[in-house]
Structures are given as structure tokens and as C-alpha cells.
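Structural characterization, general
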Amino acid sequence: MAHPHEAASSSRRPAPLPDGSDPTGTGPDGYGPRLASVVLFVHDHDESADFYQELLKMELTVRTTTAALLVSQGGFQVYLRTVGPKAMHPVGHVGAQYVIWTADGPDDFQRCERVLRARSDRVDTRQGDGFTLIEGRDPSGLPVLVAHPGPDEVARLEIIARYYV
């Protein structure tokens, strides 16, 4: 197991690119950068840290009076920043709207579903083409989505209409 602050290489490979596509980037596999961190503005970083630690099995590595940093075993980071109880997250504005996590396997997906059902006031499960997606809400009301299997195992060949069309 890698130390939380060290990036561990993943044994998983990205899903095959569509016909006629070429990988980009200059890395050994030519796939370009990977997502390393996400920053979430939340109502209360302490409450959100507890939620994301349980759901995503992340370690809390830094906590201040206004922020927290969670790190996964693979080195992925979630920064949580308190912006207050009245801050809004308007849908349809410029910027990231959703983060979709990938469960580590069927058992982990079921564990995530149990956490979301226990800690979320709204939970919805839907089937995609070869994968399942569950959506719940974090303590700030932000949508939290977990899929299984991930795009590295089942290529996503269509846009999820609920979120983008």
C-alpha cells in the first residue's frame, strides 16, 4: 500500500479508445494526465469529511478551521472547503457539476449504496449500458454518484441523458 501522499500507479488500464482515436500525451502509455484532486465547497467541512471518509474510504490527512484534505490509498485527493450554511450550488452554471466515483468491485458498490441510503435523503439507482450508477446527496446536498463497473472496465459509449442532454 502506498503512503497517502505518494501517488500509486494503478494496475487498471483505461477503456479502449473509439475506433479512429489516437491516445494523446507523452507518457509511456500516451494517455495524458489523470485526475488527481477535486475541490468541493461545502457547508461544513467537518461533517462532509466524516461523510466522504466513510463513503470513499479516504484518510483525513489535514484539517484546519475552514478546510480538510482527504486522501485515498491510490493518492487521489479531495479538498473540502467550508463556505457556510447558506452557500448555493446552482446547476447549469460554468464549472464542474458532478463527480462520478467508481466502486472497487460489486461488494464495494453495495457498501457505497448502503452508506448513501443511510446518510442521504435522496437516492436513485439506474442502469447504464453495462454499468450501474447510484446517486445520493452529501451533507451539503451536493450530488454524489458512484458507478460500477468503472469506465476502465466498461467503456461509456453514450452520454448519460440525466446529466448532460
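Residues numbered from 1 in each chain as written. Predicted model: local features only at pLDDT ≥ 70, side-chain atom pairs only at ≥ 80, totals over all residues. Heavy atoms only, no water.

A closer look at the packing of helix α1 (residues 45-56) against helix α2 (residues 106-119)
Basically, it comes down to this: Here an angle of 0 to 180 degrees is reported between the N-to-C directions of two axes, which are lines fitted to C-alpha atoms, with helices fitted over the stretch in contact. In this description a helix means any DSSP run of H or I spanning at least four residues, a strand means any run of E spanning at least two, and both kinds are numbered starting from the N terminus. Angular relationships are summarised with four words: roughly parallel below 35 degrees, roughly antiparallel beyond 145, roughly perpendicular across 65 to 115, and oblique for the angles in between. Any two residues having at least one pair of non-hydrogen atoms within 4.5 Å are treated as being in contact. We call Asp, Glu, Lys and Arg charged. Ala, Val, Leu, Ile, Met, Phe, Trp, Tyr, Cys and Pro are nonpolar, and the rest, Gly among them, are polar.
α2 packs onto α1 with a crossing angle of 150° between their chain directions and a minimal axis gap of 9 Å. Relative to α2, the element α1 is oriented roughly antiparallel. In this structure, α1 uses Glu47, Asp50, Phe51, Glu54 and Leu55 to contact α2, whose residues at the interface are Arg111, Cys112, Val115, Leu116 and Arg119. Here the residues of the contact of α1 with α2 sort into 5 nonpolar, no polar and 5 charged.

Considerations on the packing of aromatic side chains
For the record, the criterion: The aromatic pairing rule takes the rings of Phe, Tyr and Trp, using the six-membered ring of Trp, and pairs them if the centres are within 6.5 Å, calling planes under 30 degrees apart stacked, those over 60 edge-to-face and the rest tilted. The cut-offs for exposure are 20% and 50% of the maximum accessible area for each residue type, with area from a 1.4 Å probe on protein chains only; residues under the lower value are buried, those over the upper are exposed, and the others partly exposed.
Taken as a whole, this structure holds 2 aromatic pairs when the rule is applied. When the ring of Phe51 is compared with that of Tyr52, the centres are 5.0 Å apart and the planes differ by 85°; the resulting orientation is edge-to-face. The exposure class of Tyr52 is buried, given its relative accessible area of 2%. When the ring of Phe76 is compared with that of Trp101, the centres are 5.4 Å apart and the planes differ by 85°; the resulting orientation is edge-to-face. In this pair, Phe76 is assigned in the loop between β3 (67-71) and β4 (77-82) and Trp101 in strand β5 (residues 100-102), connecting sequence segments 25 residues apart. Among the residues examined, Phe76 registers a relative accessible area of 17% and is labelled buried.

Observations regarding the layout of surface pockets
The condition is simple: Residues are called lining when one of their atoms sits within 4 Å of a cavity or pocket point, these points coming from a 1 Å grid over the protein atoms alone, where a cavity is a set in which a 1.4 Å probe fits but cannot get out and a pocket is an open set with protein on both sides within 12 Å along at least five of seven lines. Grid points are joined across faces, edges and corners, and a volume is the space filled by probe spheres set on the points.
In this structure, the second largest pocket encloses a volume near 530 Å³. Forming the boundary of the second largest pocket are 27 residues, of which Leu40, Phe41, His89, Ala96 and Leu142 lie nearest the centre. With 5 residues, the top contributor of residues to the lining of the second largest pocket is strand β1 (residues 37-42). Looking at the lining of the second largest pocket, its residues break down into 18 nonpolar, 5 polar and 4 charged.

Considerations on the pattern of salt bridges
Spelled out, the test is: Within this document, salt bridges are pairs made up of a side-chain nitrogen of Lys or Arg and a carboxyl oxygen of Asp or Glu, the two lying within 4 Å of each other.
Using the criterion set out here, one finds 8 salt bridges in the structure. A salt bridge links Glu54 to Arg119; the nearest nitrogen and oxygen atoms lie 2.6 Å apart. Separated by 65 residues along the polypeptide, Glu54 in helix α1 and Arg119 in helix α2 bring together distant segments of the chain. Taking relative accessible area as the criterion, Glu54 reaches 38% and is therefore assigned partly exposed. The exposure class of Arg119 is partly exposed, given its relative accessible area of 34%.

Focus: the pairing of strand β6 (residues 124-127)
Applicable threshold: Strand pairing is assigned whenever DSSP identifies at least 2 bridges connecting the two strands.
Where β6 lies against strand β7 (residues 132-137), 4 bridges are found, and the strand directions are antiparallel. Note on β7: the bridge partner recorded for Asp124 is Glu135. The antiparallel hairpin formed by β6 and β7 contains 4 residues in its connecting segment, where Gly130 sits at a positive phi of about 95°.

As for unusual backbone geometry
Keep in mind that most residues, glycine aside, have a negative phi and that most peptide bonds are trans. In this structure, the amide linkage connecting His148 to the following residue, Pro149, adopts the cis form with an omega of -15°. Within the secondary structure, Pro149 is located in the loop between β8 (143-148) and α3 (161-164). Of note, the phi angle at Lys57 is positive, near 55°, even though the residue is not glycine. With a relative accessible area of 53%, Lys57 lands in the exposed category.

Thoughts on the sheet that holds β8
Across the sheet, 4 strands lie side by side as β5-β8-β7-β6; this open sheet has mixed pairing. Each edge of the sheet is formed by a strand with only one pairing partner; in this case those strands are β5 and β6. Pairs of neighbouring strands in the sheet enclose a mean axial angle of 25°, with direction left out of account. On the sheet, α2 packs against β6, β7 and β8 and is oriented at approximately 25° with respect to β7.

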